[in-house]
Amino acid sequence: MEKIFYHFLQGLFLLYFVSASSAITTTNITTDQDALLALRAHTTVQDPHQILLENWSVSSPVCQWVGVTCGSRHRRVIALDLSNMSLSGIMPPQLGNMSFLVSLNMSRNNFHGELPHEFAQLRRLRVLDLDVNNLGGEFPEWFGSLHQLRLLSLNNNSFTGFISPSLANVSKLETLSLSFNYLQGNIPTEIFKISSLELIFFQGNSLSGSVPDDVCRHLQRLKWIDLSRNKLNGQIPSSIYNCSQLQVLHLSWNYFTGFIPRGIGTLKAPERLYLTYNNLQGEIPKEMGNLTVLKTLGFGVNHITGAIPQEISKLCNLEELYLASNNITGFIPMQVFNLSQIRTLSLTENRLSGNLPSRVGNGLPNVEELLLNNNNFGGSIPDSISNCSKLKMMTLAYNNFTGSIPNSFGDLRLLEVLALNGNNLMSGYSSSNSELSWFNSLANCKHLRLLVVSDNPLNGILPNSIGNLSTSLEDMYAINCNIRGRIPDEIGNLSSLTILSMYSNQLSGMLPITMKNLEKLQGIDLQDNKLSKTSLDYLCVLQNLAVLYLGGNQISGSLPECIGNVTSLRYLYLGSNLLNSSLPTTIWNLKDLLELDLSSNSLCGSLPPEIRNLKAAILIDLSINEIWGGIPSSIGDMISLQNLSLAHNRLRGSIPTSIGKTLSLEWLDLSRNYLTGALLQTSLENPSFQMRHSVEHLGSTFPHAQVLQVVD
């Protein structure tokens, strides 16, 4: 009997224990459930499927909810991943009660507000990823309480203040990513003593001060450090070589001074080295040639002098070389053109000289960007450059290249950008044909988007084959090239063209009517040519046109009424032509027009009160025409106007005092008219107002006028 009673008590105790344990478990998972439901209550979802609202229901177990992972032992929530779910709202303090949480990833949403202090209770947390939200407030001091943290990532938020030195307490931290916030002040030196750190990303803040010289003493495991786009100054630590595992060093867009440390050349495994946009000086250390695994070397936009060391050619794995915008002199080492892995070679804006080797294209089979503009290179452009079959961008502008433009450019089938402007290149046509034949070969470049050949003595005629250029061509510049003859009708085939600029040439004849097919055209600049017999009516169909420069030609006839329908116009320059119609009444409908120049024509008519509609205009030049009548007082409503010239017309009547209301006015010329009355200095309140050209005439034309003093 006693034995039976004993077993009964034992069973009762066991039942109680199981029940109690079950109750505790239920309570704990309920704590997690309550925290998650609080999150749901503070969250709105832009996703039409309303995942949280539909899935996070008390009718289903928490561990089966979307984004929730529970541990197998305690059945508590150990991971919450709601990344990239279009969530918006704030993070409730109840999340701090999820005491078993190891990983919290709520990146790529739109959470805002400050992080609740209760997060400091998440003592098991190893991963905290809140990238790409709108979280803000002062950088939390309590991050130092999360001793188990391995990854802290707060990129692309709005945190302010200073980085807390308390992070040094997170001794197991491996990744610290605080990029693109509004953090300021010095980087705490304690950060550089966290020996477990492998990745540091601080770019895109306003951090200042210097980097300690012993930055690498404790960071033996550091692989990647990005401090770019801050306000850091001082010298680059000479002991950087102690970061023996370093693969990426990114210090661009700061204010570092001094020399490039030679010790960088002793690093064992660097793959990317970016020091661009600083104030570094001196020469490129020869030791750079030791970094044989290096893929990117960026020293551009500094004050580096001297020559490119021959040792650079030892970097057989180099893919990107950025040395642009320095004061580097001498020749490019020939062996550089044998770096077969190079994809980008950027040496622009230096003082490099010499000729390109005749076999330049044979050793660069992978080059995609060849950027050599603004140097002192000379000689001819080698035909072998056509062997760079992967070339997408080639800029050779503003050098001293001579000879003809190679027809072999047509073999660059992937070419997107070609800039040859500012050289001494010629057309290369035969005596029997003055057409610019290299246009024919470029027809094979089906991806060409930008073509710039300005400021070269091409001295030829545009071929009809210009219409065979890529339908991807967006911008074409051929300024000051002594191109003559007509613009071929075939130019209307360039359906993607947005900018056509060929001013200061000898182009003649009519504008081709086919230009009306260029529906994407935003800018036409054909000033200072010999265009004539051109009707402007068909330009009215170009509803994206913002810039129309046709001044300095011989265009006659009328200015069409339909010009007022091109409401996209911002700049309209038709001065110095032979236009002889009335001013179209619709021109005053261009309310977004910024500059209007119709000077030096034979336009007639009067200025209507509707001139006030040009409220955005900053320049109006109607001088040297046959405009009659008075100056409407409504001109005073043009509050943005800075330059106004109505000189050399047939205007009569008194000068309206309302001109004094145009507070932005800096230049006014009303000379050579028949105006009367006074123009009082007190009526003009802008101290920068000037009348340089009008003063000498106002006194003689209007003997009773009170002439303004010239204000310098």
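That block above? That's the structure.
Because the structure is a prediction, the values reported are computed rather than measured.

### Some thoughts on empty space enclosed by the protein
If you walk through the whole model with that rule in mind, you get 1 cavity of 30 Å³ or more. Empty space within the largest cavity amounts to approximately 70 Å³. Val211, Val215, Cys216, Leu219, Leu222, Ile225, Leu227, Pro237, Ile240, Cys243, Leu249 and Leu251 are the residues that line the largest cavity.

### Quick word on the sheet that holds strand 28 (residues 376-380)
Taken together, 5 strands build an open sheet; the order of strands is 24-26-28-30-32 and the sheet is parallel. Whereas interior strands pair on both sides, the edge strands pair on one side only; in this sheet they are strand 24 (329-330) and strand 32 (424-426). Looking at chain direction, strand 28 and strand 30 (residues 400-404) are connected through 3 bridges and run parallel. Looking at strand 30, one finds that Gly379 is bridged to Phe401.

### Describing unusual backbone geometry
A positive phi angle is found at Ser325, which is not glycine, with a value near 55°. Of note, the phi angle at Ser576 is positive, near 55°, even though the residue is not glycine. Secondary-structure assignment places Ser576 in the loop between strand 42 (571-573) and strand 43 (578-579). Judged by its relative accessible area of 39%, Ser576 is partly exposed.

### Focus on the packing of aromatic side chains
Following the criterion strictly, the structure yields 9 aromatic pairs and no others. Measuring from ring centre to ring centre gives 5.4 Å for Trp56 and Trp65, while their planes differ by 20°; the resulting arrangement is stacked. For the pair shown, Trp56 and Trp65 are each scored as buried. With a centroid separation of 4.2 Å and an interplanar angle of 20°, the aromatic rings of Trp438 and Phe439 are classed as stacked. For the residue pair Trp438 and Phe439, the accessibility class agrees, reading buried in each case. Here the aromatic residues Phe119, Phe139, Trp142 and Phe143 are joined through ring pairs into a cluster of three or more. Note that Arg229 overlies the ring of Trp253, its terminal NZ or CZ placed 4.6 Å from the centroid. Positioned over the ring face of Tyr674 is Arg652, at 4.7 Å from the centre of the ring.

Rules of the game
- Residues numbered from 1 in each chain as written.
- Predicted model: local features only at pLDDT ≥ 70, side-chain atom pairs only at ≥ 80, totals over all residues.
- Heavy atoms only, no water.
- 1 Å grid on protein atoms, 1.4 Å probe; cavity = no way out; pocket = protein on both sides within 12 Å on 5 of 7 lines; lining within 4 Å.
- Points joined across faces, edges and corners; volume = space filled by probe spheres on them.
- Pairing = 2+ DSSP bridges.
- Helix = DSSP H or I, 4+ residues; strand = E, 2+ residues; numbered from the N terminus.
- Buried < 20%, exposed > 50% of the residue type's maximum accessible area, 1.4 Å probe, protein only.
- Phe/Tyr/Trp six-rings, centres within 6.5 Å; stacked < 30°, edge-to-face > 60°.
- Lys NZ or Arg CZ within 6 Å of the ring centre and 35° of its normal.

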